[in-house]
Amino acid sequence: MQRILSRGWRDEDAEACHRAIDAARRAGDRARLSQHVGHYAHLQSHRSEYRAAARTAEDGLRLALDVGDAYHHMTCQFHRAWALLHLGEWGVMRRILSDGLVMAEQNGHHLWARAFRFQTAWLFVHACDFDRARGLCQQELKPVPEGQLGERLGSIVLGCAQLGAKRYAAAQRPSRT
């Protein structure tokens, strides 16, 4: 999945993920199935199959809950919200992001909390609330020692918020502060 995030996806990736889902189903491995279903929702969104991605992510939410996997539950929340953004279902998306943020904070998943905030900021950009988007991104773009989850998304969203607010020079800076 890391390769897909850093270099882009190919049709073969979606096919491999679908085969992994089928193998996990045949093996009765619900934990592995939960993991692959979340990844497949991600790939469906990249293919602009947003309705299917939302349904797949919903299935993944149930599976993750069944096997007690908070990480993959949050993965599915993120991908379901992403699909709903593109479907224009922003109210439902906002509730999912809020629930995801609460879950991340309660479970000490600081990087997932960060990713949910960046996605909320992306929603604000689409709703032309550039100041709120910029504020969230600037708050979250402080370096974190644990890793880079959401860093690229946060930089992109902040740049778009700067453009929307007509802060062109700030949008061109690498840090976009």
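To be clear, the structure that these remarks concern was listed above.
The notes below deal with the structure included here.

1. Some details on the pattern of salt bridges
Moving on, step 1. Taken as a whole and judged by the stated rule, the model has 9 salt bridges.
Moving on, step 2. When the shortest N-O distance is used, the salt bridge between Asp-59 and Arg-62 registers 2.5 Å. Remark: Arg-62 and Asp-59 occur in helix H4 (residues 50-67); sequence separation between them is 3 residues, near one turn of the helix.
Moving on, step 3. Among the residues examined, Arg-62 registers a relative accessible area of 47% and is labelled partly exposed.
Moving on, step 4. Across the pair Arg-134 and Asp-131 runs a salt bridge, and its minimum N-O distance is 2.9 Å. In this pair, Arg-134 and Asp-131 both sit in helix H8 (residues 130-140), 3 residues apart, roughly one turn of the helix.
Moving on, step 5. Accessibility expressed as a relative area gives 14% for Arg-134, which makes it buried.
Moving on, step 6. On the accessibility criterion, Asp-131 (53% relative accessible area) is exposed.
Moving on, step 7. In this structure, a network of salt bridges that share partners links the residues Glu-105, Arg-117 and Glu-140.

2. With respect to helix H3 (residues 30-46)
Moving on, step 1. In a regular helix each residue adds 1.5 Å, so 17 residues correspond to 24 Å; H3 covers 24 Å between its end C-alpha atoms and thus fits that length.
Moving on, step 2. Where burial is concerned, most of H3 is hidden: 12 out of the 17 residues are buried.
Moving on, step 3. Residues Leu-33, Ser-34, His-36, Val-37, Gly-38, His-39, Tyr-40, Ala-41, His-42, Leu-43, Gln-44 and Ser-45 constitute the buried set of H3.
Moving on, step 4. Ser-48, located one to two residues past H3, shows a positive phi value of around 65°.

So, how was this worked out
Residues numbered from 1 in each chain as written. Predicted model: local features only at pLDDT ≥ 70, side-chain atom pairs only at ≥ 80, totals over all residues. Heavy atoms only, no water. Salt bridge = Lys/Arg side-chain N within 4 Å of Asp/Glu carboxyl O. Helix = DSSP H or I, 4+ residues; strand = E, 2+ residues; numbered from the N terminus. Buried < 20%, exposed > 50% of the residue type's maximum accessible area, 1.4 Å probe, protein only. Expected span 1.5 Å × (residues − 1).

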